[in-house]
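One-letter residues, chain by chain:
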Amino acid sequence: MSDLESISSAYQTLFSMIEAVEPRVAAATRQELTDQRNSLKLIASENYASLPVLATMGTWMSDKYAEGTVGHRFYAGCQNVDTVESVAAEHARELFGAEYAYVQPHSGIDANLTAYWAILAHKIESPALAEFGVKGVADLSEADWENLRRRFGEQRLLGMSLDAGGHLTHGFRPNVSGKMFHQRSYGTNPETQLLDYDALAAQAREFKPLVIVAGYSAYPRRVNFAKMREIADEVGAVLMVDMAHFAGLVAGKVFTGDEDPVPHADVVTTTTHKSLRGPRGGMILATGEYAPSVDRGCPLVLGGPLANVMAAKAVALAEARTSAFQTYAQNVADNAKALAEGLLNRDATLVTGGTDNHLVLLDVRNFGLTGRQAESALLDAGIVTNRNAVPNDPNGAWYTTGVRLGTPALTSRGFTTSDMDAVADMIVSVLKATTPATTAAGKPGKAKYDLTDDARDASQAEAQRLLDLHPLYPGLEL
Ligand SMILES: *Cc1c(COP(=O)(O)O)cnc(C)c1O
């Protein structure tokens, strides 16, 4: 039996066991594989983890409680969890050149929340404990504790605005980050749509934040973290970089020097499942100065870590240290550039006029469509994207005016730059064949649309051709 045949039969055996307990879950999970295989996935935040990463998640490591840190657990018998956590942290430190790595956060949001509280612990709590002459918060008098709680509530955060490409955890009011901090946001230059470092510096001088957050979910350009560091230093702020989207490009050495956040930031947070291509999870890198505070993630914010996911992070980080991963990361960036050029050659409008990372933000206004209409028409035509606000979006955050396109997932399947030109052609053909439809009341709608059958069928056929050229998990039969 070949390796692939034995993997297939192992999965078949496992699935028949799941089927016997809850057939609907087995069926939905099988169907998800079929759907993932048959969709042209341009969602910038998604990827396909390797079979070793996926397999590592599905084990009994999941059954162990291990609150605490390596060697200092609140439960007995954690030696194997200690091993996987240490290996994951070691890979993370060496891969990113970080002084310290914390691999317990369950997601990107958990990583950010842990980082914010670690920064507050280091910058606000520790000096207050010294001032009040006690060792820990448990020793504070009621009056001093209330005083400290008030100080936590007075702190300021400056993050990128949502419609310029920031994330909801960077101070958006409906998120806890916007409630725990006094928050202001920086945007992009109205003409160039690029980050305006001078405007940001002026805002920082005026607002004097405790924390400046750099990083994004929908900004199609690289960031100069050396400049961000200068701005933070000038106003005495902590520089936190959330590289959730582009960690794979940092790991793969596509972003180096001023574009590598790790040497410049105090604290770097990330997800592990986006361009980094690992299991769904979060991670924090920090300088030695911040390490002791971040290390208290449990009990600061977190409970028991997911040992099976930490194990899968270790496997994914080991993969990310190979030269094959560097090639992958470069291909992600090259494919994004090819996609942008293909769209521009066909007269599409792109936010900032292009890309130099893994994503493209297409402004669909010249097709006469909202982001919502474009997203739905593309989905009908076999192209999976997500609608996204553009700077100063006239349609707001729900209907939007943009569609975000990313290349990490298709690049994992082996798509090349010429394939990306074909994808650009499909996208423009579908959007040209889409018209807004009026609502029942005869008003121009923001959600309804008509797409011609011919354009839909042609795009679906082309999508299938490209997907067949680059199969997902080839040889795995389930
Ligand atoms: C995706 C993302 C997150 C959140 O990650 P989750 O794992 O979904 O919690 C945080 N920050 C940024 C910039 C992101 O893009």
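Up top is the structure these notes are about.
Everything in this summary refers to the structure shown in the same document.

Parameters and conventions
- Residues numbered from 1 in each chain as written.
- Predicted model: local features only at pLDDT ≥ 70, side-chain atom pairs only at ≥ 80, totals over all residues.
- Heavy atoms only, no water.
- Helix = DSSP H or I, 4+ residues; strand = E, 2+ residues; numbered from the N terminus.
- Buried < 20%, exposed > 50% of the residue type's maximum accessible area, 1.4 Å probe, protein only.
- Contact = heavy atoms within 4.5 Å.
- Near = heavy atom within 4 Å.
- Polar contact = N/O pair within 3.5 Å; in protein donor to acceptor, adjacent residues only side chain to side chain.
- Areas by Shrake-Rupley, 256 points an atom, 1.4 Å probe, with all protein chains shown as cover.
- Nonpolar A, V, L, I, M, F, W, Y, C, P; charged D, E, K, R; others polar.

Digging into the environment of Lys 448
Right, on to step 1. On the secondary structure map, Lys 448 appears in strand S17 (residues 444–451).
Right, on to step 2. A relative accessible area of 48% means that Lys 448 is categorised as partly exposed.
Right, on to step 3. Taking the C-alpha atoms as reference, Lys 448 lies 52 Å from Ser 86; in sequence the two are 362 residues apart.
Right, on to step 4. In this structure Lys 448 touches Gln 373, Pro 436, Ala 437 and Thr 438, once residues within four positions along its chain are discounted.

Considerations on the site of the ligand
Right, on to step 1. The ligand sits among 13 residues. The nearest are Gly 108, Ile 109, Ser 217, Asp 242 and Lys 274.
Right, on to step 2. Here an oxygen atom of the ligand and a backbone polar atom of Ile 109 are 2.9 Å apart.
Right, on to step 3. Within the side chain of Ser 217, an N or O atom sits 2.8 Å from an oxygen atom of the ligand.
Right, on to step 4. Contact with the protein chains covers 85% of the free accessible surface of the ligand, which is 380 Å².
Right, on to step 5. Among the elements that take part in the shell around the ligand, helix H5 (residues 108–132) stands out by supplying 3 residues, more than any other.
Right, on to step 6. Looking at the shell around the ligand residue by residue, the classes come out as 3 nonpolar, 8 polar and 2 charged.

Looking at helix H15 (residues 371–380)
Right, on to step 1. For H15, a buried count of 7 out of 10 residues is recorded, marking the element as mostly surrounded by other parts of the structure.
Right, on to step 2. Along H15, the positions that sit buried rather than exposed are Gly 371, Gln 373, Ala 374, Glu 375, Ser 376, Ala 377 and Leu 378.
Right, on to step 3. Once H15 ends, the next one or two residues include Gly 382, with phi positive near 90°.

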